[in-house]
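# Chain and residue survey
Here's the letter readout for the chains.
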Amino acid sequence: MGRSVLFIGYGMEGHFLRPYGYQRVVQGSAASLALRGHEVAYLELMWGKGRPLDEHVGLLAEGRELGIRLIRAILRRHTAKGGLSFYVDSARVRLGEQLKKVLVEFGPDYVVCEERIPWFTARDVVRLTGARLVFRAHIIELLEAPCRGLRGLGKATWPYTMTFYTASLARASDWALTLAFQDERELRKLLVRRVSTVEPTYAPIANHASRDEVRHLVEEHPAFFITYEPRRLHVRLARALPGVDFLIIGVSQEALTRALGLPREKVPDNMMALGRVYEPDLAMLFERAMALLIPQKCFSGFCIRLIEGLAYGTPMLTTRDVAGKVRGLVDGVHLLVEDDYRRWPDLLARLAEDEELRIELGENAREFYQRRLRPQVHGRRIEAIFDIIGRGS
């Protein structure tokens with residue numbers, strides 16, 4: 001029998017209709033449960049901007065367009081301060097009477113709280129509706145601390161403070177979810193027992209319009225790698241491989257030099273920024289790219305870029321930290337893994353020259369995604385968590 005599931009998250013720079021990785025994780029889970037016959041809604045909390053919404057949004061999963069109810073509430077902060085003050089503000093949020101009525105009418109059986117910020121709001125919804133509370137931890141700061149170079153007592157203690165806070169919220173919920181096994185292991189060290197790992201899946205929004213400039217760029221530059229978040233590493237790679245273009249998603253051309261900290265004349269001509277890209281342009285980029293580059297280290301939580309690459313069957317070059325987010329991925333079979341960036345130019349040159357290798361990696365990646373991570377599989381794994389919670393009631 002189908003259940004009613006309410007996801008609760010927040011929107012800041014990105015939101016459900018213009019998603020970053022955080023919202024893409026929510027979209028994948030929401031679409032997966034809708035695909036399996038459950039009624040799904042997403043309550044998005046936004047601070048001080050935007051407009052309230054109550055509408056249906058189409059998500060694409062396994063060849064179907066699925067309707068998800070999007071409810072957006074606009075909240076006001078008590079202070080403009082960041083850090084702990086932001087979390088204090090989020091704990092003071094109270095539901096308005098109209099929103100309470102909407103949520104009671106929806107009648108969720110389960111509330112999935114995305115990250116820490118909306119947890120107290122999710123708790124209030126659970127008390128109002130009698131639902132069960134699932135807390136999904138998107139990040140464990142202690143796992144990222146070794147690469148952050150944190151100096152000063154305040155910054156150095158922040159990862160410990162937030163990790164212990166995350167563990168406290170996990171213990172206070174009916175169940176906790178993590179997006180990578182390493183994160184689950186860290187929470188278990190902090191005595192969180194009701195916790196499971198469910199890796200993300202991918203289900204993009206159905207109705208984004210195509211941008212002509214992206215299509216023209218792909219047609220004019222047939223040999224290219226794609227990546228997110230410009231780094232000096234990308235500059236070095238672009239200089240080492242002048243015959244291949246490096247297309248950067250998520251930053252505009254105007255902001256590229258600012259992000260790199262370089263004057264425009266120092267940025268290689270074969271390095272181009274695309275801004276934010278959505279379906280169907282994103283599919284075109286991933287399917288035609290010679291490789292997706294994911295150079296992050298000391299990585300906690302989800303890596304939706306890795307999931308995207310697997311879903312589209314794009315060859316990938318990444319680090320052990322990122323590849324380890326999904327159990328079962330094998331270096332040289334599903335993707336290429338190398339922690340020494342000095343070797344990346346040679347590996348990328350090999351990928352650029354060896355079409356047979358690219359095809360093999362892409363096919364293996366897509367097969368892995370279909371077998372282990374596609375929405376149907378993801379939905380069944382979340383259903384299994386709901387069943388465990390139900391048996392314990």
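Structure report, in brief. What you see is a predicted model; the values in this text were computed from it and never measured.

### Focus on the packing of aromatic side chains
Counted under the stated rule, the structure contains 8 aromatic pairs. Taking the centre distance of 4.1 Å and the plane angle of 10° together, the rings of Tyr110 and Phe386 count as stacked. Of the two residues, Tyr110 sits in strand β5 (residues 110–114) while Phe386 sits in helix α16 (residues 375–392), which places them 276 residues apart along the sequence. By the burial criterion, Tyr110 is buried, and Phe386 matches it. Here Tyr202 and Tyr312 contribute two aromatic rings whose centre-to-centre distance is 5.6 Å and whose plane-to-plane angle is 70°, an arrangement assigned as edge-to-face. In this pair, Tyr202 sits in the loop between β8 (195–197) and α8 (212–220) while Tyr312 sits in helix α12 (residues 304–312), placing the two residues 110 residues apart along the sequence. Here Tyr202 matches Tyr312 in class, with each residue buried.

### Some words on unusual backbone geometry
Note: most peptide bonds trans; most residues except glycine with negative phi. Cis geometry marks the peptide bond from Glu279 to Pro280, where omega comes out at 0°. Residue position: Pro280 is located in the loop between β11 (271–275) and α11 (281–288). Here Leu191, not a glycine, exhibits a phi torsion of approximately 70°, which is positive. Following the sequence through the fold, Leu191 ends up in the loop between α7 (181–189) and β8. Note on Leu191: relative accessible area 56%, which makes it exposed.

### Considerations on helix α9 (residues 232–240)
Within the span of α9, buried status applies to Leu233, His234, Val235, Leu237 and Ala238. The inward-facing, buried residues of α9 abut β9 (224–228), β10 (245–249), α10 (253–260), β11, β12 (291–294) and α14 (344–353).

### With respect to the pairing of β12
Here β12 shows a buried face lined by Ala291 and Leu293 and a second buried face lined by Leu292 and Ile294. Looking at chain direction, β9 and β12 are connected through 3 bridges and run parallel. Considered in β12, the bridge of Ile226 is made with Leu292. By the bridge criterion, 3 bridges tie β12 to strand β13 (residues 316–318) in an arrangement that is parallel. Bridged to Leu293 within β13 is Leu317.

Thresholds, definitions, all that
- Residues numbered from 1 in each chain as written.
- Predicted model: local features only at pLDDT ≥ 70, side-chain atom pairs only at ≥ 80, totals over all residues.
- Heavy atoms only, no water.
- Phe/Tyr/Trp six-rings, centres within 6.5 Å; stacked < 30°, edge-to-face > 60°.
- Helix = DSSP H or I, 4+ residues; strand = E, 2+ residues; numbered from the N terminus.
- Buried < 20%, exposed > 50% of the residue type's maximum accessible area, 1.4 Å probe, protein only.
- Contact = heavy atoms within 4.5 Å.
- Pairing = 2+ DSSP bridges.

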